[in-house]
Amino acid sequence: MTASRLWVFGAGLWLAVWAAVALGAPGLAPHDPHASVGEPWSPPGPGHPLGTNDVGQDLLSELVHGARTSLLVGGAAALGATGLAVGAGLASAVWGGLWDRLLMRLVDLCLVVPALALALVVAAFLGSGVFPAVLLLAALLWARGARVIRAQALAMLQRGWVIALRAAGARSLYLIRAHLVQALWPLVAAEFVQAMAAALTLEASLSFLGLGDPTVKSWGGMLYYAQARGAVVTGAWLWWAVPPGLCVGLTVASLAMLGFALEERVHPALRARRAGPAIWPQIPADPLRIARGVLEVEALTVEYGTGPAAVRALDGVSGHVRPGELVGVVGPSGSGKSTLVAAAMGLLRSPARVLGGSVCVVGVCWGSVDAKRARQLRCRSIALLPQTALHAWDPLRPVVDQVAEAVATHQALSRREARLRAQAVLKEVGFPKSRMGAYPHALSGGERQRAWLAMALVNGPDLLLLDEPTTGLDVLGQDELVRLVRDRTRVRSRAVVVVSHDLPTVLRLADRIVVLCDGRVVEHGPPDGILRSPEHAYTRRVVGALQALRGSWAAEVVG
Amino acid sequence: MSRRPVVELQDVWKAFGQRAPVLCGVELRVHPGEVVGLVGPNGAGKSTLLWVAAGLLPVDRGQVLWEGADLRAMSPVDRARWRRHLGYVPQDPFDALPPHRTVLQTVEEPLRIHGIRDSAARTERVCACLEAVGLSPTRFLARYPHELSGGERQRVALARALVLRPRCVLADEPTSMLDFALQVDLVDQIRTLRARLGTSFLYATHDLALAARLCDRVAVLSGGRVVEQGEPAELLREPHHPFTAALAASARRRLGWTET
């Protein structure tokens, strides 16, 4: 069990114990909490493990009965708040329009009004008691959840499969019942836990301020009396105020911990951040080794996970790229292309494990350099045009600034010089001059792709790595990209590798093609050779598809 | 064509908020049994047009007709009922299927929506559809989306679109995110299905070469307008609109014929 799991387990245990105590309070408490059963102000002793209060009531019994009220009020208020949040959030997202505007203004209102101040006023009106407290807390706490659930439901309604169902005749109520509630369930659970933590805190605060029901024992009420009857100045606070204070604090902390754990389950991205860089096997340094190319991959074997569930992504892949070459790597999805790209960039992270082999860039092998040198290599020696190039921009700054930053980070240049360099390279890749100051959202897909290309080329890398560069581009954009890579990149970069599942694009670009299938290099050679006599089953299939398209096109045009 | 078009758009305009309109007076007809290609670059309004045609977005001006019936004149209940004649295939294979449902549950869902209660009958229809799209029911019925490849997912999405035996399937670039060989496979599958079932398709794509292999007629969409339509052969031989010419030239280079 990892440290964080241990914490979550501890939090769960604490809550479970107190839930049990609250349920069995009448049996568990040694005394009636309302009866004077001992000397007033007695410190902890044999009869009274936590001592007694100013009228001789047993404090342990009070604490045990107090758990009942506090957890009941907290739980019921959280249930009410979550129910309201789910109802309002879903209605707002699904029906939209006037509903949405009304409900969201109400949410805004609830969020801007200071909760405690409002609670004080309303509590004074409603009077004390468990039921008014639950109502009040639920009304205060639903708004945040409603907003979160609305946002998530809106995102879900845009999913392809939801649109397909709506087109096929699914009505809104059906979608809510059959899909949304189920899909949002983990989020709702996390919201419930967070609402409960907030409700407990608020309930304790209200009681502490004297707005609780004096006839019902609660943790907040104990704190109120401890303070009001002078326990804080006498030293009795140690057994009167500290235990309920600790109970409130630890319970809220436990709920928060559980909430975080649930949130991590809902958003796996929060979990992935903990992954560290993959470890490379040590290879003996060979001072006499001469680099054959800008990129050398030797018998590289990479697995994901361990034991019987391990998946071998790369299985003894070897190859190299010489200066001046444009190499294409083709393969179906799942063939190990992405793993190869990550390995070439030295960006493999756990759960990936390198079982054997090496990857060297301009003669320097990943795993043998520290983080700083690795960053230098990643920019000056090997640069990546990522698959996400269309979206991987800081939306708040013009692209030219972002390209200039890439220069300034790696080279000792003034801001002005960096900017000039950035503009020069942007111009080289055909980025329109009039758009230099534009923000990313204002650019077309093709323009963003060009800007990324400029970013990758701006430091003059030895090798440029293009990862599925045509993804998300239409045929016009693809065409432009091919020409750009063929005609413009070689000025700034000594070699280029294109990794793609799109055979037609790679055929147009590459001097040499490597076919990757099931983690192995199954075939390699010049484009002509691959096209004329494909050997491996996969290669035959893609080449066949291309020939089929050519055939039907020719038939159409000739008639 | 003698019969009424299954889906017809007449002078359709659509804008989102205050921004420039996405569709500016679109005219488009899909006749029974016809495969119409909707070809245009990213941002031309292809997806918006399909949503409008599916009645999922209200139009600002103009009319959408389903077999001659004006959508706006139909009650919500009638519209929902008529949708049994529509199928829709989304673009992204990783977004096309509900992650928490098996293939059987996914494909049978439109049948459930339209009140077919007999579960044996539903399963039978699902099996027939899976076979029609080239997936073996015994292997796939119980699988979840994460256990399927991209191509398999799109086939399941196609099976779901076909399960009600619709008159028209709206496909929003279903192949654009697939491996090249799979793109051609899926397009061929759709050709076979059309021949067997007589379903019409409105097939959005940016690739004129794929459209030429699949479609009876191609409508070129640019800047929210249908700038040219006709048989693929005509468009390829003598494109009238410069934009069609550009698409044809790109597609030609992509196939590796002219290299400049």
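(A) Representation of the overall build of chain B within the structure. Helix and strand content of chain B: 10 helices and 10 strands. Rg of the C-alpha trace for chain B: 18 Å, near the compact-globule value of 18 Å for 260 residues, within the 12% margin. Projected onto the principal axes, the alpha-carbon positions of chain B cover approximately 55 × 50 × 40 Å. Going through the 260 residues of chain B one by one, you find that 60% of them count as buried.

(B) Examining the overall build of chain A more closely. Looking only at helices and strands, one finds 22 helices and 10 strands in chain A. Taken along its principal axes, the extent of the C-alpha atoms in chain A is 100 × 60 × 55 Å. Expressed as a percentage of its 559 residues, the buried residues of chain A come to 48%. In chain A, once contacts between residues fewer than 6 apart in sequence are set aside, the share between residues at least 24 apart is 69%. Only carbon and sulfur atoms are counted for the fraction: they give 62% of the accessible area of chain A, which is about 26000 Å².

(C) Molecular detail of the sheet that holds strand β2 (residues 23-30) of chain B. Residues and elements named next belong to chain B. Read across the sheet, 4 strands follow the order β2-β1-β4-β5 without closing on themselves; strand pairing throughout is antiparallel. Two strands lie at the open edges of the sheet, namely β2 and β5 (69-70), each paired on one side alone. Both strand β4 (residues 61-66) and β5 contribute to a ladder of 2 bridges, which runs antiparallel. From the neighbouring strand, Trp 66 faces β5, where its bridge partner is Ala 69. Each of β1 (7-14), β2 and β4 is contacted by helix α1 (residues 46-53), which is oriented at about 120 degrees to β1, the strand it contacts most.

(D) Molecular detail of the sheet that holds strand β1 (residues 295-304) of chain A. Residue and element names in this part refer to chain A. With antiparallel pairing, 4 strands are arranged side by side in an open sheet as β2-β1-β4-β5. Pairing within the sheet leaves two strands with one partner each, and these edge strands are β2 (311-321) and β5 (364-365). Pairing between β1 and β2: 7 bridges, direction antiparallel. Paired with Leu 295 across the strands is Val 321, a residue of β2. Strand contacts of helix α14 (residues 337-344): β1, β2 and β4 (352-361), with the helix running at about 120 degrees to β1, the strand carrying the most contacts.

(E) Main features of the pattern of salt bridges. In this structure the tally under the stated criterion is 37 salt bridges over all chains. The partner of Asp 315 of chain A in a salt bridge is Arg 312 of chain A, and the shortest N-O contact between them spans 3.4 Å. On the basis of relative accessibility, which here comes to 41%, the residue Arg 312 of chain A falls in the partly exposed class. The closest approach of N and O atoms between Glu 34 of chain B and Arg 217 of chain B, which form a salt bridge, is 2.7 Å. Of this pair, Glu 34 of chain B sits in the loop between β2 and β3 (35-39) while Arg 217 of chain B sits in strand β9 (residues 217-222), placing them 183 residues apart in sequence. Each of the two residues, Glu 34 of chain B as well as Arg 217 of chain B, counts as buried. Where salt bridges share partners, they join Glu 303, Arg 312, Asp 315, Arg 353 and Arg 520 of chain A into one cluster.

(F) Molecular detail of the pairing of strand β7 (residues 168-172) of chain B. All names here are of chain B. Taking burial as the measure, the 5 residues of β7 include 5 buried ones, the bulk of the element. Sheet analysis places strand β6 (residues 86-89) next to β7, joined by 4 bridges and oriented parallel. In the sheet register, Tyr 88 faces β7, and the bridge partner there is Leu 170. Note: β7 against strand β8 (residues 200-205), 5 bridges, orientation parallel. The residue of β8 that forms the bridge with Leu 170 is Leu 202. The β-α-β motif built from β7, the intervening helix α7 (residues 180-197) and the parallel element β8 has right-handed crossover chirality.

(G) Structural context of the pairing of strand β7 (residues 463-467) of chain A. Residue and element names in this part refer to chain A. Burial analysis of β7 places 5 of its 5 residues in the buried class, the great majority of the element. Here β7 shows two buried faces, one formed by Leu 463, Leu 465 and Asp 467 and the other by Leu 464 and Leu 466. Pairing of strand β6 (residues 382-385) with β7, which is carried by 4 bridges, proceeds in the parallel orientation. Along β7, the bridge assignment pairs Ile 382 with Leu 463. The pairing of β7 with strand β8 (residues 495-500) spans 5 bridges and is parallel. Residue pairing in the sheet places Leu 466 in a bridge with Val 498 of β8. The handedness of the β7 to β8 crossover, carried by helix α19 (residues 475-492), is right-handed.

(H) Summary view of the packing of helix α8 (residues 172-208) of chain A against helix α9 (residues 219-228) of chain A. All names here are of chain A. Following both chains from N to C, one finds α8 and α9 inclined at 30 degrees, their axes separated by 7 Å at the closest point. As judged from the angle between their axes, α8 and α9 are roughly parallel. The element α8 and its partner α9 pack so that their crossing is right-handed. Within the contact between the two elements, α8 uses Ala 204, Ser 207 and Phe 208 and α9 uses Gly 220, Gly 221, Leu 223, Tyr 224 and Gln 227.

(I) Structural view of the interface of chain A and chain B. Taken residue by residue, the interface counts 49 residues in chain A and 59 residues in chain B. Buried area between chain A and chain B, summed over both chains or domains, comes out near 4800 Å², and the portion from carbon and sulfur atoms is 60%. Inspection of the region where chain A meets chain B yields 4 salt bridges. Where Arg 541 of chain A meets Asp 185 of chain B, a salt bridge forms, and the shortest distance between an N and an O atom there is 2.9 Å. Our count for the contact surface shared by chain A and chain B stands at 19 residue pairs in polar contact (both at pLDDT 80 or more). Elements with a minimum of two residues in the side of chain A that touches chain B: α7 (160-167), α8, α19, α20 (503-509) and α22 (537-558) of chain A. Ranked by the residues each element gives to the side of chain A that touches chain B, the list is headed by α22 of chain A, at 13 residues. Here the residues of the side of chain A that touches chain B are counted per class, giving 25 nonpolar, 12 polar and 12 charged.

About the criteria used
Residues numbered from 1 in each chain as written. Chains lettered and ligands numbered in written order. Predicted model: local features only at pLDDT ≥ 70, side-chain atom pairs only at ≥ 80, totals over all residues. Heavy atoms only, no water. Helix = DSSP H or I, 4+ residues; strand = E, 2+ residues; numbered from the N terminus. Rg over C-alpha atoms; globule rule 2.2 N^0.38 Å. Buried < 20%, exposed > 50% of the residue type's maximum accessible area, 1.4 Å probe, protein only. Contact = heavy atoms within 4.5 Å. Areas by Shrake-Rupley, 256 points an atom, 1.4 Å probe, with all protein chains shown as cover. Pairing = 2+ DSSP bridges. Axes fitted to C-alpha atoms, helices over the stretch in contact; angles between N-to-C directions. Salt bridge = Lys/Arg side-chain N within 4 Å of Asp/Glu carboxyl O. Right-handed = clockwise from strand over helix to strand, strands pointing away. Parallel < 35°, antiparallel > 145°, perpendicular 65-115°, else oblique. Left-handed = near helix turned anticlockwise from the far one by under 90°. Buried area = accessible area lost by both parts, 1.4 Å probe. Polar contact = N/O pair within 3.5 Å; in protein donor to acceptor, adjacent residues only side chain to side chain. Nonpolar A, V, L, I, M, F, W, Y, C, P; charged D, E, K, R; others polar.

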